[in-house]
Amino acid sequence: MKLIQSLLLGVAAACAIGAAPAMSQQFIPILSYRIGPYAAGGSGYFGGAIDYFNLVNATGGINGVKLTWEECETEYNAARGVECYERLKKKNGGASTVEPLSTGIAYGLIDRVAQDKIPMTTFGYGLGASADGNVFRWVFPLGTTYWDQVAAMVAYLEQKEGGAAKLKGKKIAYLYHDSAYGKEPIGTLDALAAKDGFEALKIPITPPGTTQESVWLQVRQQKPDYVILWGFGVMNPVALKTAAKVGYPREKIIGVWWAGSEEDVIPAGSAAKGYVSAAFSAPGTSFPVMQDIKTKVYGAGNGNLEDKSRIGSIYHTRGVVYGILITEAIRNAQAKYGKGKLMTPEQVRWGLEHINLTDARIKELGATGMFPPVKTSCADHEGSGMVKFQVWDGSAFKPVTGFIAGDRALVRKLVEEAATKYAAEKKITPVDCSKEM
Amino acid sequence: MQFFFEVLIGGLLSGVMYSLVALGFVLIYKASGVFNFAQGTMVFFAALTFVGLTEHGLSFWMALPATLVVMVLLGLAIERAVLRPLVNQPQISLFMATIGLSFLLEGLAQIVWGTSVRGLDIGVADEPIGWIADRFGLNISKFDLVAALIAAVLVAALAFFFSRTRIGRALRAVADDHQAALAVGIPLQQIWGIVWAVAGAVALVAGLLWGARNGVQFALTFVALKALPVLMLGGLESVPGAIVGGLIIGASEKLAEVYLGPMVGGGIEGWFPYVLALVVLLFRPEGLFGEKIIRRV
């Protein structure tokens, strides 16, 4: 009944949009994935983003400008993601920005967004080198790149061991999804291993990673001091369960943020207890912004998640944080180009380059502790690089650190080297950020 | 040497899990000559239905028969709505129909039960058995042994069903020759319905074990990928072939990953079974246990 109701409402909404294009609203295409193998993450994340957009609209919009959006199902498929982008980029007055939440789709869009002059965010993932805004004018890996995240993981292990010097001679196994995503941080990990003097043992896991006995037997044989788990989807719970099976302590496994949601640990049951993962946003419903979402959005019957128990979950709050960053960028753009006006994609790009979410501003937004301060610039499209670490206690993730960063100077050096190489290959002339306003 | 045996035994036990999925394919192929592309989705559908029912308050022992009923009804419905209209159509049409069926079931399962990832506890710990570890220094999981036992019981039950029951013998007759079976009065559609229902039940067993190991999520549909080389190696219409094929594939992929993987950068577990199956096909196109077909030309 609810399905039929939703379909009817959807048809009615589509007719309404068809009859009167929302030209007076700021349009954001949503390349979501709510079905398929990664639906749990996609539905939580995009549900969070839409919940925040609804909250913004319910409280008067951005200086009176309401947000509008349209979803297109990508199923996390790169070809379908590109198709969705092409379908939506000119709709409703044109896309302000786009967020595919998929490294594969993002790779497929890097050249297109530059050509179409539409800023693309890759919040916490994507191409590490794209943090260099001198070369990647239209790409914003906001929050943290994979490179900064692996550096933060090493920093966490340094802390745990009692200093960087204590990592010397240690062995860290890097178990990775054998794909572009899994290979992305290897260069940074090697650079950190060379600097700190630890051995990085790289072991690929063939996607989707439904069986991992041979891999974990190798881990047991090699006896690494720690395991960095760079997994995705089903690979994560299987890794934790197989680690338990071969007797490898879960307390010594540190996962990337794609391996740090409830969906990654619940299927592993008790095998996940003690496992630590990285996160660049905190879960929970106690933040004032989350309370507002509960009362003003879900209370008004506009909540996006059907399963209310997922409100405040890792993916949901991450989507909310994405919403906060995007609306802040639009607000910045309005401050420069005209309050209460619709912003063009170029203006939103400027807004993304001038995000300055200090602790005070984050407090104003009701999100203290939910994410670290973010300050972007013409040259730095990442703006933070900080992550926190959390342990799964069997029922919830509990923080074990505050937001910490790794060796950002080393990472930035690698970013600039890679971006320069990319610019040479693609014949891009980097901008001179000192001349940008 | 101890490590070698550990990898070998772990591989053999993993192979049993592959065999469980392969059995569903074999059953349907034996009876109808149809390669059921939707078998992996049926595994997912069964596990998701079971977990969905337990979330609605049913106990494990109530949800189990309830899911079995759902799977049997699903099997019968597939026969009635999808296969029966395609009787006497080319095999490729039936195969294409199962592809469509696969997508339909994927969507249906997620509409009915949602897309959340769930855990499934069947009460058997996936941890090393202490006394084996202490005595032999080998890590053998209790869960793997239970899975092997369940597979053995299932195969014995299927073998009994095929060879000792009237329906089983009718099924073998249908498998040998549809038209000849019809000519002697064997109700083809009834047999197909039964086979799809039995395949649904096998999918439930596979779904529970794979779901308990990996969590109940969409990725369960991928376990079919593990069954394909098993079928190529063991033969599409052989129950013993599914078991032996599973054991060979399970053991060889683990040994290859551990001993050959490091020489080529690792990550060969995904494709090595297919290479092995292709090599076997070069010498025995029907697989190790498949029926050798000789045709006059």
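The shown structure was predicted, so the numbers you read here are calculated from the model rather than taken from an experiment. (Residues numbered from 1 in each chain as written. Chains lettered and ligands numbered in written order. Predicted model: local features only at pLDDT ≥ 70, side-chain atom pairs only at ≥ 80, totals over all residues. Heavy atoms only, no water.)

K.L.:
Run through the overall build of chain B, naming residues and quoting values.
P.N.:
Along the backbone of chain B there are twelve helices and zero strands. Starting at the N terminus and ending at the C terminus, chain B contains elements arranged as α-α-α-α-α-α-α-α-α-α-α-α. With the C-alpha coordinates aligned to their principal axes, the bounding extent of chain B is approximately 60 × 55 × 35 Å. With 297 residues in all, chain B has 51% of them scored as buried. Within chain B, counting contacts between residues at least 6 apart in sequence, those at least 24 apart form 72% of the total. Accessible area for chain B stands at about 13100 Å²; split by element, carbon and sulfur atoms hold 69% of it. Each charge class in chain B can be summarised by its mean position, and for the 17 positive and 17 negative side chains these summaries are 12 Å apart. (Helix = DSSP H or I, 4+ residues; strand = E, 2+ residues; numbered from the N terminus. Buried < 20%, exposed > 50% of the residue type's maximum accessible area, 1.4 Å probe, protein only. Contact = heavy atoms within 4.5 Å. Areas by Shrake-Rupley, 256 points an atom, 1.4 Å probe, with all protein chains shown as cover. Lys, Arg positive; Asp, Glu negative; His and termini not counted. Charge placed at Lys NZ, Arg CZ, Asp CG, Glu CD.)

K.L.:
Provide a residue-level description of the sheet that holds strand E6 (residues 199–205) of chain A, including the pertinent values.
P.N.:
Residue and element names in this part refer to chain A. Sheet architecture is open: seven strands sit in the order E6-E5-E7-E8-E9-E12-E13, paired in mixed fashion. The open sheet has two edge strands with one neighbour each: E6 and strand E13 (397–399). For this sheet the average axis-to-axis angle between neighbouring strands, irrespective of direction, equals 30°. Pairing analysis gives four bridges linking strand E9 (residues 276–279) to strand E12 (residues 388–392), with the strands arranged antiparallel. Along E12, the bridge assignment pairs Ser277 with Gln390. Sitting on the sheet, helix H5 (residues 146–161) is in contact with strand E5 (171–177), strand E7 (226–230), strand E8 (253–255), E9 and E12, with an inclination near 160° to E7. (Pairing = 2+ DSSP bridges. Axes fitted to C-alpha atoms, helices over the stretch in contact; angles between N-to-C directions.)

K.L.:
Give me helix H3 (residues 78–88) of chain A: which residues, what numbers.
P.N.:
Residue and element names in this part refer to chain A. Taken residue by residue, H3 has Gly81, Val82, Cys84, Tyr85 and Leu88 as its buried positions. In a view along the axis of H3, the buried residues occupy a sector of 160°, so they form one face of it. Where the residues of H3 are buried, they touch strand E1 (26–32), strand E2 (67–73) and helix H4 (103–116). In this structure Asn77 caps H3, since a side-chain oxygen of it lies 2.9 Å from the backbone nitrogen of Ala79. (Arc of directions from axis to C-beta. Polar contact = N/O pair within 3.5 Å; in protein donor to acceptor, adjacent residues only side chain to side chain.)

K.L.:
Lay out a nonpolar patch on the surface with the relevant residues and their values.
P.N.:
Residue and element names in this part refer to chain B. Residues Trp271, Val275, Val279, Leu282 and Phe283 make up a contiguous nonpolar surface patch of about 570 Å² in total accessible area. When you line up the elements, Val279 lands in helix H12 (residues 272–283). Val279 sits in the partly exposed class, given a relative accessible area of 40%. (Patch = residues over 30% accessible without salt bridge, like charges linked within 9 Å, V, L, I, M, F, W, Y side chains within 5 Å. Salt bridge = Lys/Arg side-chain N within 4 Å of Asp/Glu carboxyl O.)

K.L.:
Outline the nonpolar core, listing residues and values.
P.N.:
Grouped together as the largest cluster of nonpolar side chains are 144 residues, with contacts concentrated most on Leu175, Trp216, Trp230, Trp258 and Phe389 of chain A. Element by element, the count of residues in this core is highest for helix H12 (residues 314–337) of chain A, at eleven residues. Looking at this core, you find at least three residues from each of domain 1 (25–144 + 283–385) and domain 2 (146–279 + 389–415) of chain A. Within the second largest apolar cluster, 75 residues are counted, among which are Leu105, Phe162, Val230 and Ala242 of chain B. (Core = buried A, V, L, I, M, F, W, Y, C linked by side-chain atoms within 4.5 Å. Domains from an automatic or database assignment.)

K.L.:
Before we move on, can you summarise unusual backbone geometry with the specific residues and values?
P.N.:
Residues and elements named next belong to chain A. For the bond running from Pro207 to Pro208, omega is 5°, close enough to zero to count as cis. Within the element layout of this structure, Pro208 appears in the loop between E6 and helix H8 (213–222). For Tyr76, which is not glycine, the phi dihedral falls at a positive 65°. Assignment of secondary structure puts Tyr76 in the loop between E2 and H3. Phi at Lys117 is positive, roughly 60°, even though this residue is not glycine. Residue position: Lys117 is located in the loop between H4 and strand E3 (120–121). Under the relative-accessibility criterion, Lys117 is labelled partly exposed at 40%.

Any functional reading would require information beyond the geometric quantities listed.
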